[in-house]
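Reading the structure
Single-letter residue listing:
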Amino acid sequence: MPRLFWEDFTAGQAFEHGPRRLPRDEMLGFAAEFDPQPMHLDEAAARESMLGGLAASGWYACAIAMRLAVDAFIHDSTSMGAPGVDEVRWLLPIRPDDAVLFRATVLETRASRSRPDMGLVKFRFELIDGDNQCALSLVTSLMLGRRQAGSAGPALAGQTADVGSAS
Amino acid sequence: MKFFEDIAVGERIALGSHTFTADAIKAFARRFDPQPFHLDEEAAARSHFGALCASGWHTGAMWMRLMVDYQRTEDAAMRSRGEPVARLGPSPGFRELKWLKPVYVGDTVDYATEVVEKRVSKSRPNWGLISIRNTGANQAGETVISFVSAAFVERRGRTAREAP
């Protein structure tokens, strides 16, 4: 039984996880599979690039933030996935074997207009590097199951709540 | 990669498609997004998704792969015609990413990209910054992912080999 329902999140709340080291093999393996640009795979080419040396694919940084979010709190929640990401900022390069700290901050929560069994929580996810600088910042909303189905709002009032559909 | 000056707003590129297998969906999810509806058929069937579906980050990362493959092919064609190839710099990020429909096992996502804006970089005047709207549609023609990303593109005759 998950511990964290939509009702348990409030603006300003923060979760931290890590720091976690990002092994060179995993970082370069991801680049080889999903983002095989020289700045992510080839030392010499990366030194000549704007990044000034081998750096993680931005998509790897996002995937790591997702993984750390799951490990930090999503695994113990009524997560129903996410509708999207408002913005992603790749602020600083992340190097092989760097360790990053994950921080999730709740920006706002709101009930779903269409689904009374669900609510949305908007988060800022950050990866903080060893120099205490923010290397990745993204804003995303997660859909979470509610402990108690609420009112769906005037347009959908009267519809039967579908409690328990969240996995 | 074409030079910044040769890229036109409105230009649309078909990047090709990718079919998401159950094995690949689960392998990505085990590493990066281990939620039950991305890992396990039975748990996914009980979830509101109704069936195993790919992590949205997997769908996004696959766009990147097809974009890189497209650029490589274009670069090779330009070199074979004796044309200079522009460098593509890193991306500062993206915005307005929407996962509009789940990507289920066996779905084939057809990716495309369209140039929506271009401007000279204020901080790096030897480079231009382009904004592109990227989309993926499944075999039924439904858009499953959409986002707007930015990337630095080299300006013609502005940069030597050194980075700005």
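Residues numbered from 1 in each chain as written. Chains lettered and ligands numbered in written order. Predicted model: local features only at pLDDT ≥ 70, side-chain atom pairs only at ≥ 80, totals over all residues. Heavy atoms only, no water.

1. Things to note about the interface of chain A and chain B
How big an interface is tends to be stated in terms of accessible area lost as the parts join. On the chain B side, the residues contacting the 39 residues of chain A number 43 residues. Of the roughly 3,400 Å² buried between chain A and chain B on both sides combined, carbon and sulfur atoms contribute 65%. Taken as a group, Phe34, Met50 and Trp59 of chain A account for 25% of the area that chain A buries against chain B, more than any other trio of residues on that side. Counting every contact that joins chain A to chain B gives 1 salt bridge. With a closest N to O distance of 3.0 Å, Arg31 of chain B and Glu33 of chain A form a salt bridge. One can count 15 residue pairs in polar contact (both at pLDDT 80 or more) joining chain A with chain B. Counting only elements with at least two residues in the side of chain A that touches chain B, the list comes to α1 (24-34), α4 (58-72), β2 (84-90) and β5 (134-145) of chain A. Tallied by class, residues from the side of chain A that touches chain B come to 23 nonpolar, 7 polar and 9 charged. Alignment of β2 of chain A against strand β2 (residues 93-99) of chain B, held across 5 bridges, turns out to be antiparallel. Pairing of Glu87 of chain A across the sheet is with Arg95 of chain B, part of β2 of chain B. (Contact = heavy atoms within 4.5 Å. Buried area = accessible area lost by both parts, 1.4 Å probe. Salt bridge = Lys/Arg side-chain N within 4 Å of Asp/Glu carboxyl O. Polar contact = N/O pair within 3.5 Å; in protein donor to acceptor, adjacent residues only side chain to side chain. Helix = DSSP H or I, 4+ residues; strand = E, 2+ residues; numbered from the N terminus. Nonpolar A, V, L, I, M, F, W, Y, C, P; charged D, E, K, R; others polar. Pairing = 2+ DSSP bridges.)

2. So, the nonpolar core
Core analysis: the biggest nonpolar cluster contains 81 residues, and Trp59, Phe73, Phe123 and Leu127 of chain A together with Trp57 of chain B have the highest contact counts within it. At 11 residues, α4 of chain A tops the list of elements feeding residues into this core. Not counting residues within four places of it along the chain, the set of residues in contact with Phe123 of chain A comprises Phe9, Phe15, Phe73, Ala104, Thr105, Val106, Leu107, Leu138, Val139, Thr140 and Leu142 of chain A. (Core = buried A, V, L, I, M, F, W, Y, C linked by side-chain atoms within 4.5 Å. Buried < 20%, exposed > 50% of the residue type's maximum accessible area, 1.4 Å probe, protein only.)

3. Some thoughts on the packing of aromatic side chains
Evaluated as defined, the whole model comprises 23 aromatic pairs over all chains. Three or more aromatic residues joined by ring pairs form one cluster here, namely Trp59 and Trp90 of chain A together with Trp57, Trp63, Phe94, Trp99 and Phe147 of chain B. One Lys or Arg, Lys118 of chain B, reaches over the ring of Phe4 of chain B and ends 4.6 Å from the middle of that ring. Between the NZ or CZ atom of Arg124 of chain B and the centre of the ring of Phe152 of chain B, over which it lies, the distance is 5.7 Å. (Phe/Tyr/Trp six-rings, centres within 6.5 Å; stacked < 30°, edge-to-face > 60°. Lys NZ or Arg CZ within 6 Å of the ring centre and 35° of its normal.)

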